[in-house]
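Below, each chain spelled out in residue letters.
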Amino acid sequence: MKDTILSFEDVKLIYHTVRGETVATEGLTFSVEEGEFVAIIGPSGCGKSTLLSLAAGLLTPSEGTVVRRGSVGYMLQRDELFPWRTIEKNLFLPLEVKKKLTPDAKRRARALAEKYGLGDFLQSYPAQLSGGMRQRAALIRTLAAEPDVLLLDEPFSALDYQTRLNVTQDVSEIIRSEGKTALLITHDISEAISLADRVIVLTGRPARVAHVHTLDFGAVTDPLRRRENGQFSGWFELLWKELNA
Amino acid sequence: MKHTETFSAEHRAFLKKRRLRLALVWTLRIGLLLGLLILWELSTRLGWADPFLTSSPSRIAQTIASLYEEGTLFYHIGTTLWETAVGFAAATVLGCTVALALWWSDLLHRVLEPYIVVLNALPKIALGPLIIIWFGTGSEAIVFMTVIVGLIVVIMHMLTAFLAADPGKVLLLRSMGASKFQILKKLVIPSSLASFISMLKVAVGMSWIGSIMGEYIVSRAGLGYLIVYGGQVFKLDLVLSATCILALLAAVMYFLIALLEKLLVKNAES
């Protein structure tokens with residue numbers, strides 16, 4: 001039995017505006033185990049990003065509890081690299097913020113960059129990198145702070161199709177080889193199937209868990225291999241139906 | 001530029017065309033100025049215009065030369081330049097500080113917003129009599145005028161820039177556990193650099209307006225004083241001489257900031 005690293009229990013969140021209140025989610029219960037890659041898909045506008053903010057502790061639930069063991073690292077739709085910082089300085093950003101920028105931490109961040117092909121770009125500025133490389137740098141930045149769980153908020157949606165496939169491949173490889181726990185939020189069904197160990201399907205607002213599927217691709221974790229796998233289209237059809245139910 | 005010989009003929013032609021175009025622009029710019037000066041000079045010499053009303057380039061040159069011989073030229077220039085520079089610096093520092101405070105506290109921002117809007121709309125010259133009574137007739141009054149003319153513009157410009165910090169990057173920093181001060185230091189201030197420079201350009205212009213307006217109301221020296229005095233005694237040579245010097249100084253100050261911009265942006269983006 002692996003340890004639970006993140007769990008939502010009966011979580012309710014109400015959004016307040018002057019015009020009224022919106023229940024974004026209610027009775028939401030799920031958990032993420034250590035080393036697991038979980039994808040959450042839901043109809044658009046069901047408050048998927050809200051869910052990550054709750055997971056990161058940026059929002060407090062109106063009811064219920066969110067239990068987080070360890071630290072989180074956030075990866076957003078856009079790379080959000082700071083254009084006035086070199087790639088190296090961007091990688092150091094979370095360490096600076098957490099006041100953990102020790103020579104040791106710097107060395108680890110640089111080693112990660114070297115390992116995943118960013119070594120030559122450490123002194124470059126983000127504008128000098130391609131979209132795919134920038135998103136890879138954003139992932140390394142997230143990993144540099146050594147988070148216990150990665151929260152991925154549609155990190156591929158801003159990329160063109162070709163780059164998206166490559167970056168998905170990249171991110172999957174890096175996360176798997178670093179043995180990280182990840183929670184991915186996406187509206188892209190095939191992305192969820194190609195990456196995750198487990199897929200959670202949400203209902204429309206207020207969001208709650210509609211279905212949970214453990215994907216049995218065996219040892220196949222490579223996204224492209226999965227796309228070629230015979231089961232892929234079966235999963236796609238099932239999830240598509242569930243999303244549009 | 002070193003590798004010109006490796007470029008294709010078409011690219012060389014393209015570069016040549018660009019150089020010629022640039023040369024044409026500069027020739028026309030300088031030609032326009034010279035042409036206007038010559039036309040101005042000739043029209044007074046040939047009796048098309050009355051130099052008593054229009055002055056002329058040669059009379060302006062003479063006036064400036066005699067101011068120089070009297071030893072008052074640099075005194076007047078220095079007075080105005082000093083008042084403008086001090087007012088400009090004070091408005092910039094004070095304005096940025098207030099903008100930071102307003103960014104920091106949303107409550108303060110909400111409370112002060114209508115006052116800022118009204119102060120911005122208020123013609124500052126209406127405060128002239130108050131300024132004379134409070135600050136007397138020295139340079140202090142003029143510096144104060146310069147500050148209030150520039151201040152609100154600086155506040156509004158910088159506050160807009162601070163508030164425009166990318167929400168995605170704010171979210172990212174917050175997810176890292178950043179404090180408000182860290183968000184300010186690592187994101188808000190660096191991302192406002194371009195706006196800071198464009199604000200400086202606007203503020204320089206406002207400072208000249210402030211200092212000359214101040215000198216119109218109350219002064220014993222300075223270029224604004226020369227213009228008002230020249231007007232009162234109908235010496236349009238003096239009015240236009242001071243105006244020309246003013247135009248030159250304003251241009252120099254603007255170009256200095258453009259130079260600063262080049263340096264800073266170069267540093268920021270390598």
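Residues numbered from 1 in each chain as written. Chains lettered and ligands numbered in written order. Predicted model: local features only at pLDDT ≥ 70, side-chain atom pairs only at ≥ 80, totals over all residues. Heavy atoms only, no water.

1. Considering the overall build of chain A
Item 1. Within chain A, the secondary structure is distributed over eight helices and nine strands.
Item 2. For 245 residues, the compact-globule formula gives about 18 Å, and the C-alpha radius of gyration of chain A, at 18 Å, lands near that figure.
Item 3. Summarising its shape, the C-alpha atoms of chain A cover approximately 50 × 45 × 40 Å along the three principal directions.
Item 4. Burial analysis of chain A (245 residues in total) assigns 53% to the buried set.
Item 5. Looking at chain A alone, contacts between residues at least 24 apart form 71% of all its contacts between residues at least 6 apart. (Helix = DSSP H or I, 4+ residues; strand = E, 2+ residues; numbered from the N terminus. Rg over C-alpha atoms; globule rule 2.2 N^0.38 Å. Buried < 20%, exposed > 50% of the residue type's maximum accessible area, 1.4 Å probe, protein only. Contact = heavy atoms within 4.5 Å.)

2. Some details on helix H9 (residues 180-191) of chain B
Item 1. For H9(B), built from 12 residues, the straight-helix expectation of 16 Å at 1.5 Å per residue is met to within 8% by its first-to-last C-alpha distance of 15 Å.
Item 2. Looking only at H9(B), the buried set comprises Gln182(B), Ile183(B), Leu184(B), Lys186(B), Leu187(B) and Val188(B). (Expected span 1.5 Å × (residues − 1).)

3. A short note on the side chain of Glu80(A)
Item 1. Residue placement: Glu80(A) occurs in the loop between strand E5 (72-75) and helix H2 (87-97).
Item 2. By relative accessible area, Glu80(A) is classed as buried at 5%.
Item 3. Residues within four places of Glu80(A) in sequence aside, it is in contact with Arg141(A), Asp166(B), Gly168(B), Lys169(B) and Leu172(B).

4. Quick notes on the side chain of Thr25(A)
All names here are of chain A.
Item 1. Looking at the secondary structure, you find Thr25 in strand E2 (residues 20-33).
Item 2. Judged by relative accessible area, which is 5%, Thr25 ranks as buried.
Item 3. Among the polar contacts made by the side chain of Thr25, one reaches the main-chain carbonyl oxygen of Ala207 at a distance of 2.6 Å.
Item 4. Beyond its immediate sequence surroundings of up to four residues, Thr25 is in contact with Val11, Lys12, Leu13, Leu54, Pro206 and Ala207. (Polar contact = N/O pair within 3.5 Å; in protein donor to acceptor, adjacent residues only side chain to side chain.)

5. Overview of the pairing of strand E9 (residues 209-214) of chain A
Residues and elements named next belong to chain A.
Item 1. The pairing of strand E8 (residues 198-202) with E9 spans five bridges and is classified as antiparallel. Looking across to E9, one finds that Arg198 is bridged to Thr214.
Item 2. In textbook terms, the turn of a hairpin is the stretch between consecutive antiparallel strands, and for E8 and E9 this stretch comprises six residues. (Pairing = 2+ DSSP bridges.)

6. Some details on the pattern of salt bridges
As a working rule, side chains carrying opposite charge can pair if their charged atoms are close by.
Item 1. On inspection of all chains with the given rule, the structure shows 24 salt bridges over all chains.
Item 2. The salt bridge involving Arg69(A) is made with Asp3(A); its shortest N-O contact spans 3.9 Å. In this pair, Arg69(A) is assigned in the loop between strand E4 (63-68) and E5 and Asp3(A) in the segment before strand E1 (4-17), connecting sequence segments 66 residues apart.
Item 3. Here Arg198(A) makes a salt bridge to Glu36(A), at a shortest N to O gap of 2.5 Å. Here Arg198(A), found in strand E8, pairs with Glu36(A), found in the loop between E2 and strand E3 (37-41); they are 162 residues apart in sequence, far enough to count as distant. Here Arg198(A) matches Glu36(A) in class, with each residue buried.
Item 4. The network of salt bridges with common partners includes Arg78(A), Glu80(A), Asp166(B) and Lys169(B). (Salt bridge = Lys/Arg side-chain N within 4 Å of Asp/Glu carboxyl O.)

7. Some points on unusual backbone geometry
Item 1. The step from Arg205(A) to Pro206(A) runs through a cis peptide bond, and the omega angle for that step is -10°.
Item 2. Of note in this structure, Glu154(A) is not a glycine but carries a positive phi near 40°.
Item 3. Within the fold, Glu154(A) resides in the loop between strand E6 (149-153) and helix H5 (161-177).
Item 4. In this structure, Ser55(B) is a non-glycine residue whose phi angle is positive, near 55°.

8. Observations regarding the domain arrangement of chain B
Residues and elements named next belong to chain B.
Item 1. Each domain of chain B was delimited in the assignment, giving domain 1 (4-49) and domain 2 (57-269).
Item 2. Just the C-alpha atoms count here: the centres of domain 1 and domain 2 sit 33 Å apart.
Item 3. Facing the four residues of domain 1 at the interface are four residues of domain 2.
Item 4. The junction of domain 1 with domain 2 conceals about 340 Å² of combined surface from both sides, 71% of it contributed by carbon and sulfur atoms.
Item 5. Ranking the residues of domain 1 by area buried against domain 2 places Leu37, Trp40 and Glu41 at the top, with a combined share of 91%.
Item 6. Taken together, the links from domain 1 to domain 2 amount to zero salt bridges.
Item 7. Where domain 1 meets domain 2, there are one residue pair in polar contact (both at pLDDT 80 or more).
Item 8. Residues that form the side of domain 1 that touches domain 2 fall into these classes: two nonpolar, no polar and two charged. (Domains from an automatic or database assignment. Buried area = accessible area lost by both parts, 1.4 Å probe. Nonpolar A, V, L, I, M, F, W, Y, C, P; charged D, E, K, R; others polar.)

9. Side note on the packing of aromatic side chains
Centre distance and the angle of the planes are the two values used to describe a pair of aromatic rings.
All names here are of chain B.
Item 1. According to the stated counting rule, one finds eight aromatic pairs over all chains in the structure shown.
Item 2. Between Arg29 and the ring centre of Trp26, over which it is positioned, the NZ or CZ distance is 4.7 Å.
Item 3. Above the plane of the ring of Trp103 lies Lys180, whose end atom (NZ or CZ) is 5.5 Å from the centre. (Phe/Tyr/Trp six-rings, centres within 6.5 Å; stacked < 30°, edge-to-face > 60°. Lys NZ or Arg CZ within 6 Å of the ring centre and 35° of its normal.)

10. Notes on the confidence of the model for chain B
Item 1. For chain B, mean pLDDT is 91; residues scoring 70 or higher make up 96% of the total.
Item 2. Across the interfaces of the predicted complex, the ipTM metric reaches 0.87, alongside a pTM of 0.84. (pLDDT = per-residue confidence, 0-100.)

11. Here's the deal with the interface of chain A and chain B
Item 1. Taken together, the contact between chain A and chain B spans 19 residues of the former and 20 residues of the latter.
Item 2. Between chain A and chain B, the buried area comes to about 1,800 Å², and carbon and sulfur atoms account for 65% of it.
Item 3. Run the count over chain A and chain B and you get three salt bridges.
Item 4. For Glu80(A), the salt bridge goes to Lys169(B), with nearest N and O atoms at 3.1 Å.
Item 5. Here chain A and chain B share four residue pairs in polar contact (both at pLDDT 80 or more) between them.
Item 6. Those elements that place two or more of their residues in the side of chain A that touches chain B are E5 and H2 of chain A.
Item 7. At four residues, H2(A) tops the list of elements feeding residues into the side of chain A that touches chain B.
Item 8. Per-class residue counts for the side of chain A that touches chain B are 12 nonpolar, no polar and seven charged.

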